[in-house]
Amino acid sequence: MPQLSTEDILERLVAFDTTSSRSNVALIDWVESYVRDLGIEPVRVPDPVQDKASLFFTVGPKERGGICLSGHTDVVPVAGQAWTNDPFTLTERDGRLYGRGACDMKGFIACCLAKLPKFLAAPLATPIHVLLSYDEEITCEGVLHTIRRFGQDLPKPLATIVGEPTEMQVANAHKSCAGFVTEVTGKEYHSSQPEQGASAVVAGAMLVVEINRLAQELMQRGDPTGRFDPPYSTIHVGTFSGGTARNIIAKQARFHWEFRGLPNLDPEEVPRRVQAYAAAEVLPFLRRTAPLARIETVREFTAPAIGPEPDSLAERSALRFTGSNRTITVGFATEGGQFQKAGIATVICGPGSIDQAHQPDEWIATGELRRCERFLDELATACAKGHL
């Protein structure tokens, strides 16, 4: 099998439409065939519900911890975006490679796959694992099916490098992110007699006002580390709908909301306080005239925060391989928190800029791919010498 360059592999990866609402199995099939041709035996970890899968494989001794290189295969939609070229055809112009996922984060995956022959030739005394996941863009939870098998039938890495676009800077912290949907059920009645009904819209509005009050409180608490932008935990209500007509007291209301918490924020504080307010203030308001009224909040996803681990293998190694002596924070959530929560030291470091992610005409500079390749060369050298 002729060795493929990073650009060759990226071209193939971009051609798969792995929008989160679609299956990623065709891409996984291609990667699985590619690594098998190199003599590597991958493990497919399917989604138990949907037509999706992760892929995990190891180069080097399987009985030792090693370092995991992790990247998600799903991408955000292109619908409604004005692209200059077909978003699923990699296009090069002036040192930039355009295509959906080129930056976020198939560029990193392509670098890892292109370096497999070098990893195999080393040979490695310390293993390098590669994990390709799904559903990062919508829940950050697709990777959990694989993480739960670490230390069982899959080796548990000592450290993980998540290759999200950081321009090859080492990020050791980001906020948590959790998404919720709240549904309020009241009682319909004619609007000429509002005292006979129980307005779900009014009740929902009360909850939104309380959520906004909590947001202001978190803003006042600020960020004691001074590293995050904005420098506080945030809460946001993204959608609100309810009612059937202007002259009917609304029986139903529904809204989506999220919070993004600093690493030191108890991830249960905000939902617990919203639930307490609903029980103490809003439900009594509704049940004055609607004994069966209810408020139900469902957590749709949770992406844990990452906190700094200055002496960890992940942070020390990534700084060494990049030649840097400083870390950064990032404003976006990643799968990295799932690894750290599982007891695996984790940092974020990958090619490209987050400014290009999710945009029409998404691109990654070829120079960023070269920097990532050099990083992986340094990793291979260290693992060959058993220095990790």
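Preceding this section is the structure that the text describes.
Since this is a predicted model, take the numbers as computed values, not measurements.

Reading the values: the criteria
- All chains use their own residue numbering, which begins from 1 and follows the written sequence.
- The predicted origin of the model limits local features to residues at a pLDDT of at least 70 and limits the giving and counting of side-chain atom pairs to 80 or more, whereas totals for whole chains, interfaces and linings rest on all residues.
- Side-chain numbers here rest on the full set of heavy atoms in the structure, without hydrogens or water.
- In this description, a nonpolar core means a group of buried Ala, Val, Leu, Ile, Met, Phe, Trp, Tyr and Cys residues linked to one another through side-chain atoms lying within 4.5 Å.
- Think of it in three bands: with a 1.4 Å probe and only protein chains considered, a residue is buried below 20% of the maximum accessible area for its type, exposed above 50%, and partly exposed in between.
- Pairing of aromatic side chains requires ring centres within 6.5 Å, counting the rings of Phe and Tyr and the six-membered ring of Trp. Pairs whose planes differ by under 30 degrees are stacked, by over 60 edge-to-face, and all others tilted.
- Each helix is a run of DSSP H or I of at least 4 residues and each strand a run of E of at least 2, with the numbering of both proceeding from the N terminus.
- For a lysine, the NZ atom is tested; for an arginine, the CZ atom; a charge sits over a ring if that atom is within 6 Å of the ring centre and within 35 degrees of the ring normal.
- Only when DSSP finds a minimum of two bridges between them are two strands counted as paired.
- Here, two residues are considered to be in contact whenever any of their heavy atoms come within 4.5 Å of each other.
- What counts as a salt bridge is simple: a side-chain nitrogen of Lys or Arg found within 4 Å of a carboxyl oxygen of Asp or Glu.
- Convention adopted: a line fitted to C-alpha atoms gives each axis, helices being fitted over their contacting stretch, and angles between N-to-C directions are expressed from 0 to 180 degrees.
- Under this scheme an angle from 65 to 115 degrees is roughly perpendicular, one under 35 degrees roughly parallel, and one over 145 degrees roughly antiparallel; angles in between are oblique.
- Helix crossings are classified by the rotation of the near helix relative to the far one: an anticlockwise turn of less than a right angle makes the crossing left-handed, while a clockwise turn makes it right-handed.

**Q** How do you make sense of the nonpolar core when you look at a structure like this?
**A** What tends to happen in soluble globular proteins is that the nonpolar side chains get buried as a cluster. In this structure, Leu 69, Leu 113, Leu 116, Phe 119, Leu 376 and Leu 379 are the most contacted members of the largest nonpolar core, which totals 57 residues. Ala 203, Ala 253, Val 270 and Leu 286 belong to the second-largest nonpolar core, a separate cluster that totals 26 residues.

**Q** Help me understand the packing of aromatic side chains in this model?
**A** A ring pair, where both rings are aromatic, is described by two values, the distance of the centres and the angle of the planes. Scanning all chains against the criterion turns up 6 aromatic pairs. Where Phe 180 meets Trp 257, the ring centres are 4.4 Å apart and the plane angle is 15°; that geometry is what we call stacked. Of this pair, Phe 180 sits in strand 9 (residues 177-185) while Trp 257 sits in strand 13 (residues 252-260), and the two are 77 residues apart along the sequence. Each member of the pair, Phe 180 together with Trp 257, is buried. With 6.2 Å between their ring centres and 20° between their planes, Phe 180 and Phe 259 make a pair best called stacked. One end of the pair, Phe 180, is in strand 9; the other, Phe 259, is in strand 13, and 79 residues separate them in sequence. This pair shows no difference in class: Phe 180 is buried, exactly as Phe 259 is. By the ring-pair criterion, three or more aromatic residues cluster together here, those being Phe 180, Trp 257 and Phe 259. Lying over the aromatic face of Tyr 98, Arg 93 brings its terminal NZ or CZ to 4.0 Å of the ring centre.

**Q** I'm lost on the pairing of strand 2 (residues 53-59) in this one. Help?
**A** In terms of burial, strand 2 is a largely internal element, 7 of the 7 residues being buried. Where burial is concerned, the two faces of strand 2 agree: the one with Ala 53, Leu 55, Phe 57 and Val 59 and the one with Ser 54, Phe 56 and Thr 58 are both buried. Alignment of strand 1 (residues 43-46) against strand 2, held across 4 bridges, turns out to be antiparallel. Paired with Pro 46 across the bridge in strand 2 is Ala 53. Two strands pair when backbone bridges link them, and strand 2 and strand 6 (residues 128-133) are joined in this way by 5 bridges, in the antiparallel orientation. Within strand 6, the position partnered with Thr 58 by the bridge is His 129.

**Q** It is not clear to me how the environment of Pro 271 should be interpreted in this structure. Could you clarify?
**A** Looking at the secondary structure, you find Pro 271 in helix 7 (residues 269-287). You can call Pro 271 buried: its relative accessible area is 12%. On a C-alpha basis, the gap between Pro 271 and Ile 211 in space is 9.6 Å, while along the polypeptide they are 60 residues apart.

**Q** I'm lost on the side chain of Glu 368 in this one. Help?
**A** Relative to the assigned elements, Glu 368 resides in helix 10 (residues 366-384). Among the residues examined, Glu 368 registers a relative accessible area of 11% and is labelled buried. Among all residues touching Glu 368, those that are not within four sequence positions of it are Glu 167, Met 168, Pro 351 and Gly 352.

**Q** Just checking my understanding: could you explain the pattern of salt bridges for this structure?
**A** A pair can form between side chains of opposite charge whenever their charged atoms are brought close. Under the defined criterion, the tally for this structure stands at 23 salt bridges. Residues Arg 22 and Asp 17 are paired through a salt bridge, measuring 3.3 Å at the closest nitrogen-oxygen approach. Residue Arg 22 is classed as partly exposed on the basis of its relative accessible area, which comes to 46%. A residue is classified by how much of its surface remains accessible, and Asp 17, at 25% relative accessible area, is partly exposed. Residue Asp 377 pairs with Lys 115 through a salt bridge whose shortest N-O separation is 2.9 Å.

**Q** How should the packing of helix 1 (residues 6-15) against helix 2 (residues 25-37) be read in this particular structure?
**A** Packed helices, taken two at a time, are described by the angle between their axes plus the distance between the axes. At a minimum axis distance of 9 Å, the contact between helix 1 and helix 2 shows a crossing angle of 150°. Between helix 1 and helix 2, the interaxial angle falls into the category roughly antiparallel. For the pair helix 1 and helix 2, the sense of crossing is right-handed. Every residue of helix 2 that contacts helix 1 at Ile 9, Arg 12 and Leu 13 is listed here: Leu 27, Trp 30, Val 31 and Tyr 34.

**Q** Can you walk me through the sheet that holds strand 4 (residues 91-93) in this structure?
**A** Within a beta sheet, neighbouring strands are joined by backbone hydrogen bonds and run either parallel or antiparallel to one another. Strand order in the open sheet formed by 3 strands is 4-5-17, and the pairing between neighbours is antiparallel. Each edge of the open sheet carries a strand with a single partner, namely strand 4 and strand 17 (363-365). Recorded for the sheet is a direction-independent mean angle of 25° between the axes of neighbouring strands. In terms of strand pairing, strand 4 meets strand 5 (residues 96-98) through 3 bridges, oriented antiparallel. By the bridge assignment for strand 5, Glu 92 is matched with Leu 97.

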